[in-house]
Amino acid sequence: MNAPLLIPQRPGPLWLLAEVTYRCPLHCAFCYNPVDFTQAGPELSTDDWLKVIRQARELGAAQFGISGGEPLLRDDIEILVAEARQLGFYTNLITSGVGLTEARLAALKAAGLDHIQLSFQDATREANDLITNTRTFDLKRKVAAMTKAAGYPTVINCVLHRSNIDHLDRIIEMAVEIGAEYLELANTQYHGWAFLNRQSLMPTEAQLAEAEAVTERWRQRLGKTMRILFVTPDYQSKKPKKCMNGWGEVFLSVTPDGLALPCHTARMLPGLEFPDVREHDIDWIWHESPLFNRFRGTAWLPETCQSCDEKDNDHGGCRCQAFMLTGDAGATDPVCPKSPDHALIEAALADAERSADVKPLVFRDPKNSKALGRAF
Amino acid sequence: MTPSLARPRINRLFRFQWEPAQQAHVLLYPEGMVKLNQSAGEILKRCDGSTSVAEIVADLESAFNASNLAADVDAFLIMADAQNWITWSET
């Protein structure tokens, strides 16, 4: 008899991100959600989510994130957190803070929620309220104090763009005042609404260099008391990123209407069938589905990448970015200077250097979503 | 050198647990995970805030029938401290 073949087993996902709703009280112009989110199907039920959570944990997923939209708009996230925590997940709530009352915070804490990531949009009331097109600044400060009092590490996320990046010194100072342990400064990635508003959101090279210098000064000063993560923007870094640490390698996202995706924004990609978690189990979706295998590894990469030493480090960059810019999801990410389409990035950067004619922002709301009716 | 009477504990920003899928102890933290090798896992398992470094060393030496582990434990704890994985209980 032949010995059984030893097939190295591909690891399961480490991350399960539940985007439980596209509804959101904020209307941020840099949101990565699809512009046409109003066309998505009905939201998954509590039982659907519980099934997804159990199946992902069985495959070895250890991080569970609840995001959206604004997840607090659903009244069942306490149930989802309790189940995830009980199964051994580290549970993360990614929220704008809008809707986080004392009562809900107590219920989430009782359910075993490990961590809350609170988004701030700027350091002043005027600027926060402008970019979100809401009046939410004071509320966010209040929520930050509340979660701290409940014993949570304070983790703040702030998306940087043309109109707030010059306030970075004040933003970091605010995070210190709040007593944050982690501050994530995420430069806008141009997906969804952010792509639509790219020209109005992209900072100049000088703005970005100053922001990096400010961050470094604060890092020196703060040491271990507050960790600052500065996520460089793809366009300016001229280096494609290994998107999601590799397609189908660690990350699994599920949309409000039940589609399983290898990244937050893959549902914009054409010609792919997105597996529905009500029809397939996570094991099949992760290991067998055509979607998760489509851009897995490096064998599918185009010639530009195949002959490049960096291919194992970057896997050709971001599929959604390649598609949005070139129309081909299988192309080398144009962010890479070796991409035949890199001129598209150079043009966008040159455009950002022109200070005049910055277009008005299009806010993420249902009315604009319906009127535009496209993914990005 | 860590003081031998100091008592390390896992920083509250991290959760330490056994992961069956990894067959390893891990440290979980906001949006991340550190997979630990066996000796790191065995040391951190004993960092409960009430056991001293000297007691941790003695316990490991007896559990694994080994000797002279003090220097290794010390080196690991210094690294773990620099990574913010542990804090120290006073007295």
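Structure: above.
Residues numbered from 1 in each chain as written. Chains lettered and ligands numbered in written order. Predicted model: local features only at pLDDT ≥ 70, side-chain atom pairs only at ≥ 80, totals over all residues. Heavy atoms only, no water.

Caption draft 1: Inspection of the pattern of salt bridges at higher detail. Tallied over the full model, the rule gives 25 salt bridges over all chains. Residue Glu181 of chain A pairs with Lys148 of chain A through a salt bridge whose shortest N-O separation is 3.6 Å. Linking Glu181 of chain A in the loop between helix H6 (168-178) and strand S6 (182-187) with Lys148 of chain A in helix H5 (residues 137-149), this pair joins segments that are 33 residues apart in sequence. When its relative accessible area of 14% is taken as the criterion, Glu181 of chain A is described as buried. One salt bridge in this structure joins Arg46 of chain B and Asp59 of chain B, with 2.7 Å as the shortest N-O distance. Taken together, the positions of Arg46 of chain B in the loop between helix H1 (38-45) and helix H2 (53-63) and Asp59 of chain B in helix H2 put the pair 13 residues apart, joining distant regions of the chain. Salt bridges sharing common partners tie together Arg23, Glu43, Arg74 and Asp76 of chain A. (Salt bridge = Lys/Arg side-chain N within 4 Å of Asp/Glu carboxyl O. Helix = DSSP H or I, 4+ residues; strand = E, 2+ residues; numbered from the N terminus. Buried < 20%, exposed > 50% of the residue type's maximum accessible area, 1.4 Å probe, protein only.)

Caption draft 2: Structural context of the packing of H5 of chain A against H6 of chain A. Residue and element names in this part refer to chain A. Following both chains from N to C, one finds H5 and H6 inclined at 40 degrees, their axes separated by 10 Å at the closest point. Considering the angle they form, H5 stands oblique to H6. The residues of H6 that touch H5, namely those facing Phe137, Arg141, Ala144 and Lys148, are Met174, Glu177 and Ile178. Per-class residue counts for the contact of H5 with H6 are four nonpolar, no polar and three charged. (Axes fitted to C-alpha atoms, helices over the stretch in contact; angles between N-to-C directions. Parallel < 35°, antiparallel > 145°, perpendicular 65-115°, else oblique. Contact = heavy atoms within 4.5 Å. Nonpolar A, V, L, I, M, F, W, Y, C, P; charged D, E, K, R; others polar.)

Caption draft 3: Main features of the side chain of His287 of chain A. Residue and element names in this part refer to chain A. Mapped onto the elements of the fold, His287 is located in helix H11 (residues 282-287). Here Arg10 takes part through its side chain, which lies 3.1 Å from a polar atom of the side chain of His287. His287 has contacts with Arg10, Pro11, Leu59, Asn293 and Arg296, leaving out every residue within four places of it along the chain. (Polar contact = N/O pair within 3.5 Å; in protein donor to acceptor, adjacent residues only side chain to side chain.)

Caption draft 4: How the structure looks around the packing of aromatic side chains. Residue and element names in this part refer to chain A. Across all of its chains, the model carries 13 aromatic pairs over all chains by this definition. Both rings, one in Trp15 and one in Phe251, keep their centres 6.1 Å apart while their planes meet at 50 degrees; by these two values the pair is tilted. Pair noted here: Trp15 is in strand S1 (residues 15-19) and Phe251 is in strand S8 (residues 251-254), with a separation of 236 residues, a long-range link. A single burial state applies to Trp15 and to Phe251, both of which are buried. Seen from their ring centres, Phe64 and Phe89 are 5.6 Å apart, and the 45 degrees between their planes marks the pair as tilted. Taken together, the residues Phe64 in strand S2 (residues 63-67) and Phe89 in the loop between helix H2 (77-86) and strand S3 (90-95) connect sequence positions 25 residues apart. (Phe/Tyr/Trp six-rings, centres within 6.5 Å; stacked < 30°, edge-to-face > 60°.)

Caption draft 5: Examining the nonpolar core more closely. Grouped together as the largest cluster of nonpolar side chains are 102 residues, with contacts concentrated most on Leu16, Leu168, Ile172, Leu185, Tyr235 and Leu269 of chain A. Ignoring sequence-local partners within four residues, the contact set of Leu269 of chain A consists of Trp247, Phe274, Phe295, Arg319, Cys320, Phe323 and Ala329 of chain A. Grouped together as the second largest cluster of nonpolar side chains are 23 residues, Val155 of chain A together with Val34, Ile56 and Leu77 of chain B included. (Core = buried A, V, L, I, M, F, W, Y, C linked by side-chain atoms within 4.5 Å.)

Caption draft 6: Focus on unusual backbone geometry. The peptide bond linking Gly68 of chain A to Gly69 of chain A adopts the cis configuration, its omega dihedral lying at 15 degrees. Looking at where Gly69 of chain A falls in the secondary structure, it is placed in the loop between S2 and H2. Located in the positive-phi region is Met244 of chain A, a residue other than glycine, with phi close to 55 degrees. Note on placement: Met244 of chain A falls in the loop between helix H10 (234-237) and S8. Positive phi values are uncommon outside glycine, yet Gln23 of chain B reaches one of about 50 degrees. Assignment of secondary structure puts Gln23 of chain B in the loop between strand S2 (15-19) and strand S3 (24-29). For Gln23 of chain B, a relative accessible area of 58% translates into the label exposed.

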